[in-house]
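Descriptive structure summary
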There are 2 protein chains.
Amino acid sequence: MTLPIGFDDVVAAHERIADLVHQTPVLTSRTADERSGATMLFKAENLQRTGAFKFRGACNALRQFDDAQRQRGVIAYSSGNHAQAIALAARLLQIPATIVMPQDAPASKLAATRGYGAEVVIYDRYSQSREEIGAQLAEERGMTLIPPFDHPHIMAGQGTTALELLREVGGLDVLVVCLGGGGLLSGCATVARHLQPACRVIGVEPEAGNDVQRSLQQGRIVHIDVPRTIADGAQTKAPSERTFAVMRRRVDEVVTVSDEALVRTMRFFAGRMKMVVEPTGCLAAAAVLEGTVAARGKRVGVVISGGNVDLDRFASLLGGSEPTP
Amino acid sequence: MTLPIGFDDVVAAHERIADLVHQTPVLTSRTADERSGATMLFKAENLQRTGAFKFRGACNALRQFDDAQRQRGVIAYSSGNHAQAIALAARLLQIPATIVMPQDAPASKLAATRGYGAEVVIYDRYSQSREEIGAQLAEERGMTLIPPFDHPHIMAGQGTTALELLREVGGLDVLVVCLGGGGLLSGCATVARHLQPACRVIGVEPEAGNDVQRSLQQGRIVHIDVPRTIADGAQTKAPSERTFAVMRRRVDEVVTVSDEALVRTMRFFAGRMKMVVEPTGCLAAAAVLEGTVAARGKRVGVVISGGNVDLDRFASLLGGSEPTP
C-alpha cells in the first residue's frame, strides 16, 4: 500500500510555506537535562505564528488551492489551533474562511479566529458531529473543507516541524511528539524515518484519550468517546485512515501521560523556560521529564506543539488549581 | 574623557562568552506590529540562561579572573538576576560564589541562586547598603566583588545582546532597552552608536524610578529613594559614574512607563507571544506598545531583558490583580 505522504512531500511543503511560517527556535534547558538525564532539544512551535504548528499544514494546504477554490473559500472544523491557523493563512492568501468550532473552545481561540477575519460557526462537541456540520456547510457554500489532520497536505505541512528540527540539530536518538489526530506525528515520523532511520519516534497522548495507542496495539482504528482531558487539542476520538496508516509504519511507540503531569510540565515551562505552553503542547515534554519515555544519556528531540491557553485558565493552573478537564 | 567601554570591548566579550551563553532568538509578532504601527524585533533575553541578559556580563567578568581570583572566589550583590547569573557562571567556571540578596527578592530568584551552589547572604533593602555589605564581605574573605552594573566587563558583556541583535536583523531606526542601573543600556548603546550611528537609542525606566532620566536631564547623577515599582530589577537609586558617562554620550533619550503598562505588556507577552516576561523585562516593549516611544513606520529593536518572576506572582498579575509594588 502506498502511504499518503512521503519525505519528498514534506520537503516540498517546506519550500512552499517558507515565506509564511516562522522557523521556530530550538531551545535547551540545563534543568530539563538534569531532570531527564537526557540532552533535550525543544522545538518551540508555541512560538509559531498563531501559537501552534497547525499554521504549517494550513499554509501548505491553502497554497495548493486552484483559482476556483481560492474564490469560493475554505471551511474548517477545529477545537481551536487548526481554526486559527486556517483563518490566518486564508487571510494572508486572501481566501474567504468559515470555521466550525466547539462551544467549549477556549475563549482566546474563538476571539483569535474571529480576529483573523474568519466567520465562526459554533457546535456542541458532545452532541453534534463536526464532520457532518463541516461537510454540510462545504456543500451548501461550495467551499473546500480542510480537516484538521486527515489530509495529505496537512500531514506533510506539519512534518516540516521535524524537518527544521533535524536539519538544525543533527542526530537524534529519540523524537517525541504530541499526539491528537496524528497529523503532526505522521508528518514528523515521515521525516525522521527517512533522515535518521535509527531514531526512535514516539507519540504522546493524554491518558484519557489513548485512541492511537489502542489502535496501534490492536492493528486497527479504535474509536473512543470524546476524552475528558485538559489537553483540549488532543480530544480526538480516533485517528484517520491516513494518519493511522503512516503512524503504523513509521512510529515506534505511543505512550500516555496524566493531566497532572501536563500541569507540572506547564509550570516547568513557565518557571524555568519562560514560555507559555498549552496543556496539549506539554504532552511530549511531560513524557520525557516524568520518565515515561526512557531518555537517559540520549539526545532527545521534543516538540512543543502550541501555546494557546486562556490566560485565566493558565493563571489558575499555575497558581495550583487541580486540573479539571 | 575616555569612556569605560568601546565597541571593541563588546566584540571581545562576545568571543569570550560565546560557548557559555545562548544566542537568544529574535521574535516578531503581527499583533505587536499592528498595535505599534512599527516593525518590532524582540530580542528574547528571557530565554537566556538563568532567564536574563545578566548572564552575559557575569560570564565576561568571571572569564577574566586571574588564578588567584578564581581560587578565592567571587562576591556579588543583586536584587536577583545578577545573582543567578554570577552563581551559574561561577559554577560553570568552577569559582566559589557568595551572593548578597535583599530579603524581599522573589523566592524563585533566591532558590535558583542557592540551586546553582552559591552561598546567599540576606540584607534589608530599605535599611542596609548592599554596597557596604558586599565590600565588607569581599575584604573579609578576599573575594573579588563583581557589582551588577558598575563594571566595564559587565557593561561590555551586556552589550553583546545588541551585537547579536544588530548582526541578525540589520538596520534599525530605533533600539529600545530596559533600564535599571544602566549596564545593559550602556553596553547596547555602545554597539548601536558604532554599527548604526543613525539608530536612536532609548532607555525605558519605571515611572517611580526615573533616576537615569533625571540624571541625564540635569547633566549629573541624581540619587532617588528606593523606588516602589513592580519592576524589581530596576529599583536602582542612581546610575554609576561609569554607566552615566556612557549613557550621557551614547543614549538619545530615556522615557518612563507605569506599573499598569508593565502588567498589560506582561499579559500581551503571555497571551500573544507565549512567553513569560518579568515586569522589568517588559519596560522596553511597553514603551513601544503604549506609544511612549514614537515608532510608527519604523524598524524597532526591543530588548526583553528577563523572565524571572515567581509563578504565583505571575499568575496573580495575569489573573487581573492590581499591580502593587
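Residues numbered from 1 in each chain as written. Chains lettered and ligands numbered in written order. Predicted model: local features only at pLDDT ≥ 70, side-chain atom pairs only at ≥ 80, totals over all residues. Heavy atoms only, no water.

1. Quick notes on the overall build of chain A
What counts is decided by this rule: Only runs of H or I of at least four residues qualify as helices and only runs of E of at least two qualify as strands under DSSP, and these elements are numbered from the N terminus. C-alpha atoms define the radius of gyration in this analysis, and the globule rule sets the expected value at 2.2 Å times the number of residues to the power 0.38. Whether two residues are in contact is decided by their heavy atoms: any pair within 4.5 Å suffices. Shrake-Rupley sampling with a 1.4 Å probe provides the accessible areas, and residues are treated as covered by the protein chains on show and by no other component. Note that His is not counted, nor are the chain ends; the positive residues are Lys and Arg, and the negative ones are Asp and Glu. All charge positions are set by atom: Lys at NZ, Arg at CZ, Asp at CG, Glu at CD.
In terms of regular secondary structure, chain A is built from 14 helices and 10 strands. Computed over the C-alpha atoms, the radius of gyration of chain A is 18 Å, within 12% of the 20 Å expected from 2.2 N^0.38 for a compact globule of 325 residues. Dimensions of chain A, computed from the C-alpha atoms along their principal axes, are close to 55 × 45 × 40 Å. Contacts in chain A between residues far apart in sequence, at least 24 positions, make up 74% of those at least 6 positions apart. Surface accessibility of chain A: about 11500 Å² in total, with carbon and sulfur atoms responsible for 43%. A gap of 4 Å separates the mean positions of the 35 positive and 35 negative side-chain charges of chain A.

2. Here's the deal with the packing of aromatic side chains
All names here are of chain A. Cut-off, in case you're wondering: For Phe, Tyr and Trp, rings pair up if their centres lie within 6.5 Å, where Trp contributes its six-membered ring, and each pair is then called stacked (planes under 30 degrees apart), edge-to-face (over 60) or tilted (otherwise). Either the NZ atom of lysine or the CZ atom of arginine qualifies as a charge over a ring when it sits within 6 Å of the ring centre and within 35 degrees of the ring normal.
Throughout the structure, instances matching the rule amount to five aromatic pairs over all chains. Counting every residue linked through ring pairs, the aromatic cluster contains F42, F268 and F269. The aromatic ring of Y126 is capped on one face by R228, whose charged end is 4.2 Å from the ring centroid.

3. Topic: helix α6 (residues 107–115) of chain A
Count 3.6 residues to each turn of an α-helix, and residues three or four apart come out pointing the same way. All names here are of chain A. Which entries qualify depends on this criterion: Relative accessibility thresholds used throughout: buried, under 20% of the residue-type maximum; exposed, over 50%; partly exposed, between the two (1.4 Å probe, protein chains only). The directions from the helix axis to the C-beta atoms form the arc being described.
What α6 keeps buried is the set K109, L110, A112 and T113. Buried positions in α6, seen along its axis, are confined to an arc of 165° and lie on one side of it. In this fold, the buried residues of α6 make contact with α5 (81–92), β4 (97–102) and β5 (119–123). Positive backbone phi, approximately 95°, marks G117, located one or two places after α6.

4. Section: the relation of the copies chain B and chain A
To be explicit about the condition: When the copies are overlaid, the least-squares fit takes in C-alpha atoms only where the residue has pLDDT of at least 70 in both copies.
Of the transformation placing chain B onto chain A, the axial shift is 0.0 Å and the rotation is 180°, giving an RMSD of 0.0 Å. Classification of the inter-copy transformation places it as that of a two-fold axis. With an isologous cut-off of 70% or more, the 100% of interface residues of chain B that recur at the interface of chain A puts this contact in the isologous class.

5. Considerations on the environment of R250(A)
All names here are of chain A. Considering the arrangement of structural elements, one finds R250 in helix α11 (residues 241–250). In this structure, the C-alpha to C-alpha distance between R250 and P197, residues 53 residues apart in sequence, is 9.5 Å. Not counting residues within four places of it along the chain, the set of residues in contact with R250 comprises L3, I5, G6, A189, T190, R193 and V201.

6. Focus: the sheet that holds strand β3 (residues 74–77) of chain B
The strands making up a sheet associate through backbone hydrogen bonding, with each pair oriented either parallel or antiparallel. All names here are of chain B. To keep things clear, this is the line we draw: The rule for pairing is simple: two strands pair if DSSP sees at least two bridges between them.
Taken together, four strands build an open sheet; the order of strands is β5-β4-β3-β6 and the sheet is parallel. Whereas interior strands pair on both sides, the edge strands pair on one side only; in this sheet they are β5 (119–123) and β6 (144–145). Here two bridges tie β3 to β6, and the two strands are oriented parallel to one another. Bridge pairing in β6 places V74 opposite T144.

7. Looking at the pattern of salt bridges
Residues and elements named next belong to chain B. Applied cut-off: Here, a salt bridge means any side-chain nitrogen of Lys or Arg that lies within 4 Å of a carboxyl oxygen of Asp or Glu.
One pass over the structure, following the stated rule, counts 22 salt bridges over all chains. Taking the shortest distance from any N to any O, the salt bridge between E164 and R56 comes out at 2.9 Å. Of this pair, E164 sits in helix α8 (residues 152–169) while R56 sits in helix α3 (residues 54–62), and the two are 108 residues apart along the sequence. The same class applies to E164 as to R56, namely buried.

8. Some details on the side chain of Q235(A)
All names here are of chain A. Selection rule: Contacts described as polar in this section are N or O atom pairs within 3.5 Å, which, within protein, must combine one atom able to donate a hydrogen with one able to accept it, while residues neighboring in sequence count only if both atoms come from side chains.
Relative to the helices and strands, Q235 resides in the loop between α10 (211–218) and α11. Among the residues examined, Q235 registers a relative accessible area of 13% and is labelled buried. For Q235, the side chain forms a polar contact with the main-chain oxygen of P227, separated by 2.9 Å. With near-sequence residues (within four places) excluded, Q235 lies in contact with R125, Y126, V226, P227, R228 and T229.

9. Structural notes on the domain arrangement of chain A
All names here are of chain A. Basically, it comes down to this: Where each domain begins and ends follows an automated or database-derived domain assignment. Summed over both partners, buried area is the accessible surface (1.4 Å probe) that two parts give up on being assembled.
Assigned domains of chain A: these are domain 1 (7–52 + 151–319) and domain 2 (55–145). Distance between the C-alpha centres of domain 1 and domain 2: 23 Å. Between domain 1 and domain 2, the contact holds 31 residues from the first and 24 residues from the second. Around 2400 Å² of area is buried between domain 1 and domain 2 when both sides are counted, 51% of it from carbon and sulfur atoms. When residues of domain 1 are sorted by the area they lose upon contact with domain 2, R16, L20 and T50 head the list and together hold 25% of the total.

10. So, the packing of helix α12 (residues 259–272) of chain B against helix α14 (residues 311–318) of chain B
Residues and elements named next belong to chain B. For clarity, the threshold we go by: Helix axes are fitted only over the stretch in contact, all axes being lines through C-alpha atoms; the angle between N-to-C directions runs from 0 to 180 degrees. Every angle not falling under 35 degrees, over 145, or within 65 to 115 is termed oblique; those three ranges are roughly parallel, roughly antiparallel and roughly perpendicular. Under the scheme applied here, ten amino acids are nonpolar (Ala, Val, Leu, Ile, Met, Phe, Trp, Tyr, Cys and Pro), four are charged (Asp, Glu, Lys and Arg), and all others, including Gly, are polar.
Packing of α12 against α14 brings their axes to within 10 Å, and their N-to-C directions diverge by 100°. Classed by the angle they form, the pair α12 and α14 counts as roughly perpendicular. Along its contact with α12, which presents V263, M266, R267 and A270, the element α14 presents F314, L317 and L318. Its residues assigned to classes, the contact of α12 with α14 shows six nonpolar, no polar and one charged.

11. Some points on the environment of R114(B)
All names here are of chain B. When you line up the elements, R114 lands in helix α6 (residues 107–115). Spatially, the C-alpha atom of R114 lies 9.6 Å from that of A83, the residues being 31 residues apart in sequence. Setting aside its immediate chain neighbours within four residues, R114 contacts V120 and I122.

12. Considerations on the interface of chain B and chain A
In this assembly, 28 residues from chain B lie in contact with 28 residues from chain A. Carbon and sulfur atoms make up 60% of the surface buried where chain B meets chain A, a total of about 2200 Å² over both sides. Interface area lost by chain B to chain A is led by R30(B), K274(B) and L311(B), which between them contribute 31%. Here chain B and chain A share two salt bridges between them. The partner of R91(A) in a salt bridge is E34(B), with the nearest N and O atoms 3.3 Å apart. Seen at the junction of chain B and chain A, the total is eight residue pairs in polar contact (both at pLDDT 80 or more).

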